[in-house]
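Observations on the model geometry
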Amino acid sequence: MHKVLLTGGLGFIGSHTAVELMEAGFDVVILDNLSNSSIEVLDGIEKISGKRPVFIQQDLEDYDSCFEALQQHKDLSGVIHFAASKAVGESVEFPIKYYNNNIGGLLNLLKLCREYSMFNFIFSSSCTVYGIPDVLPVTESTPTKKANSPYGATKQMAETILEDYSNATKDFHCIALRYFNPIGSHESAEIGELPLGVPANLMPFITQTAAGVRPKLKVFGNDYQTKDGTAIRDYIHVVDLAKAHVQALKKLQEEVLQTRYNFYNIGTGKGCSVMEVIDSFERTSGVTLAYEVTARRKGDVPAIFADTTLAKEVLDWEAQYDLDDMTRSAWNWQRKISNL
Ligand code: WQD
């Protein structure tokens with residue numbers, strides 16, 4: 001029973017996870033509505049793994065079409081649920097879009113899990129559920145706080161829905177992975193981050209600035225109470241994050257977990273400032289980055305990074321790549337897509 005459904009599997013994290021799953025011997029079926037990804041990503045996955053995943057173009061908000069499409073795949077043993085809208089700023093402007101997609105889509109998917117006996121479920125959650133933590137590093141016991149965006153609220157609601165459903169459904173087992181800040185790309189540069197439009201996130205903005213796509217990076221504030229005044233995050237290589245999904249799926253299949261609902265911090269355990277990311281990028285790319293310090297971005301957390309003890313102990317997983325590996329691979333990918 002090694003066939004897994006990846007919703008949103010053509011996205012940044014989904015595509016890297018598809019590669020790691022296939023390399024670990026799993027068969028992968030990708031369901032994606034292509035709203036924030038492109039069909040060419042399938043070519044990249046095939047180039048790396050030598051095998052083309054089955055692809056279903058569907059939207060989880062359309063239950064009947066998804067039910068119909070899955071008729072061909074009654075042997076799926078698990079689901080990794082990536083499909084969701086994820087732009088914090090957009091979620092403030094269009095909250096209903098986020099509740100329809102991120103919550104409505106999840107509820108439809110849980111109905112499909114029941115119809116197709118897909119009992120092992122991995123959920124793409126986020127450290128955003130912690131809000132602004134009082135104590136660092138954050139552990140899984142760190143209390144979550146009221147989300148400061150509808151996007152963050154959908155991640156918290158989804159975790160609650162999954163916990164309640166797992167506890168009420170004997171055969172259903174779930175692991176939520178709370179991602180910190182995934183950056184970088186596969187060493188082959190065949191897949192990577194493909195933000196549509198102006199990037200909201202730091203790493204793609206850096207690489208697009210270095211590639212001449214953007215004139216200058218804005219550093220959002222250098223007056224935080226941190227080592228150099230810029231905000232701290234736990235950046236994790238997207239391949240390390242992808243491997244965490246493989247480990248989590250294996251643990252669900254081995255049925256070794258004590259409870260039916262579990263959640264783990266997936267980070268490196270190290271906090272890096274914006275300036276440290278810029279310094280690493282300049283070191284690994286040899287490019288001097290054009291940037292200016294501007295006002296803080298509304299809603300930004302001054303500092304957050306993970307305690308990853310639990311993921312190491314229970315999932316037998318820990319991050320292997322360092323910040324230079326991340327910025328180097330991000331630049332390799334940007335050079336590839338910019339033909340530099
Ligand atoms: C990182 C740091 C910015 C852009 C968000 C979501 C999180 C996840 C990842 C989906 C911050 C600074 C950024 C720029 C900058 N998304 N920055 N100039 O906000 O930590 O997390 O994206 O899963 O859920 O909340 O990531 O990359 O936007 O910002 O100075 O042009 O870089 O202020 O300190 P963030 P980010």
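From a predicted model like this one, the values you see are computed outputs, not experimental measurements.

What the rule picks out here adds up to six aromatic pairs. On the numbers, 5.3 Å between centres and 45 degrees between planes, the contact of Phe 67 with Tyr 116 is tilted. With Phe 67 in helix α3 (residues 63-69) and Tyr 116 in the loop between α5 (95-115) and β5 (120-126), this pair connects stretches of sequence that are 49 residues apart. Look at Phe 67 and you get partly exposed, because its relative accessible area is 25%. Residue class for Tyr 116 comes out buried when judged on its relative accessible area of 6%. A connected cluster of aromatic rings, assembled from ring pairs, spans Tyr 63, Phe 67 and Tyr 116. Positioned above the aromatic ring of Tyr 224, the side-chain terminus of Arg 296 is 4.0 Å from the ring centre.

So, about the confidence of the model for the chain. Per-chain confidence: the chain averages 97 in pLDDT, with 100% of residues scoring 70 or above. Strand β10 (residues 235-237) holds the highest mean pLDDT among the elements of the chain, 99, whereas helix α4 (residues 88-93) holds the lowest, 92.

Right, let's talk about the site of the ligand for a bit. By nearness alone, 19 residues border the ligand, and Tyr 151, Leu 202, Lys 218, Arg 233 and Asp 300 come closest of all. Here Ala 200 contributes a backbone N or O atom positioned 3.4 Å from an oxygen atom of the ligand. Within the contact set of the ligand, an oxygen atom lies 2.9 Å away from a side-chain nitrogen or oxygen of Arg 297. Bound to the protein, the ligand loses 89% of the 680 Å² it would expose on its own. Only α7 (202-210) and β8 (217-220) provide two or more residues apiece to the shell around the ligand. Counting residues per element, the shell around the ligand draws most heavily on β8, which supplies four residues.

This part is about helix α11 (residues 323-337). Relative to the 21 Å expected for 15 residues at 1.5 Å per residue, α11 spans 21 Å between its end C-alpha atoms, a close match to the ideal helical length. Taken together, the buried residues of α11 touch β7 (181-183), α7, β10, β12 (272-273) and α9 (274-285). At the N-terminal end of α11, a side-chain oxygen is found 3.1 Å from the backbone nitrogen of Asp 324, two or three residues along, and the residue is Asp 322. Asn 339 occupies a position one or two residues after α11 and carries a positive phi of about 50 degrees.

Our focus in this paragraph is the environment of Val 274. Mapped onto the fold, Val 274 is located in helix α9. According to the relative accessible area criterion, Val 274 is buried, its value standing at 14%. Between the alpha carbons of Val 274 and Ile 304 there is a distance of 12 Å; along the sequence they are 30 residues apart. Once residues within four sequence positions are removed from consideration, Val 274 is found in contact with Leu 202, Val 219, Thr 230 and Ala 231.

Quick look at the sheet that holds β5 now. Pairing is parallel across the open sheet formed by seven strands, whose spatial order is β3-β2-β1-β4-β5-β6-β11. Lying at the two open borders of the sheet, with one neighbouring strand each, are β3 (54-57) and β11 (261-266). For this sheet, the mean inter-axis angle between neighbouring strands, taken without regard to orientation, is 20 degrees. The pairing of β5 with strand β6 (residues 173-179) spans seven bridges and is parallel. Within β6, the position partnered with Asn 120 by the bridge is His 173. Sheet strands in contact with helix α6 (residues 150-168) are β5, β6 and β11, and its direction is about 155 degrees off that of β5.

What counts as what
- Residue positions are given per chain, counting from 1 as you read along its sequence in written order.
- Residues qualify for local features only when their pLDDT is at least 70, as the model is predicted, and side-chain atom pairs are given and counted only at 80 or more; totals for whole chains, interfaces and linings, by contrast, use all residues.
- Excluded from the side-chain calculation are hydrogens and water; included are all heavy atoms of the structure.
- What counts as a ring pair is set by centres within 6.5 Å for rings of Phe, Tyr and Trp (its six-membered ring), and what kind of pair is set by the plane angle: stacked under 30 degrees, edge-to-face over 60, tilted for all other angles.
- Strands are runs of DSSP state E lasting at least two residues, helices are runs of H or I lasting at least four, and both sets are numbered from the N terminus onward.
- The buried label applies to any residue whose accessible area, calculated with a 1.4 Å probe on protein chains only, is under 20% of its type's maximum; exposed applies above 50%, and partly exposed to all values in between.
- Distance and angle both matter: a charge sits over a ring if NZ of Lys or CZ of Arg is within 6 Å of the ring centre and within 35 degrees of the ring normal.
- Residue-level confidence of the predictor is summarised by pLDDT, bounded by 0 at the bottom and 100 at the top.
- Throughout, near means a residue has at least one heavy atom within 4 Å of the molecule or strand.
- Within 3.5 Å is the distance limit for a polar contact, defined as a pair of N or O atoms, with the added protein rule that one can donate a hydrogen and the other accept it, and that residues adjacent in sequence qualify only through two side-chain atoms.
- Computed with the Shrake-Rupley method and a 1.4 Å probe, the accessible areas treat only the protein chains shown as cover for residues.
- Any helix carries an expected span of 1.5 Å times its number of residues minus one.
- Here a residue-residue contact requires only that any non-hydrogen atoms of the pair lie within 4.5 Å.
- Strands are treated as partners if at least two bridges between them are detected by DSSP.
- The axes used here are C-alpha line fits, helices contributing only the stretch in contact, and every angle between their N-to-C directions lies in the interval 0 to 180 degrees.

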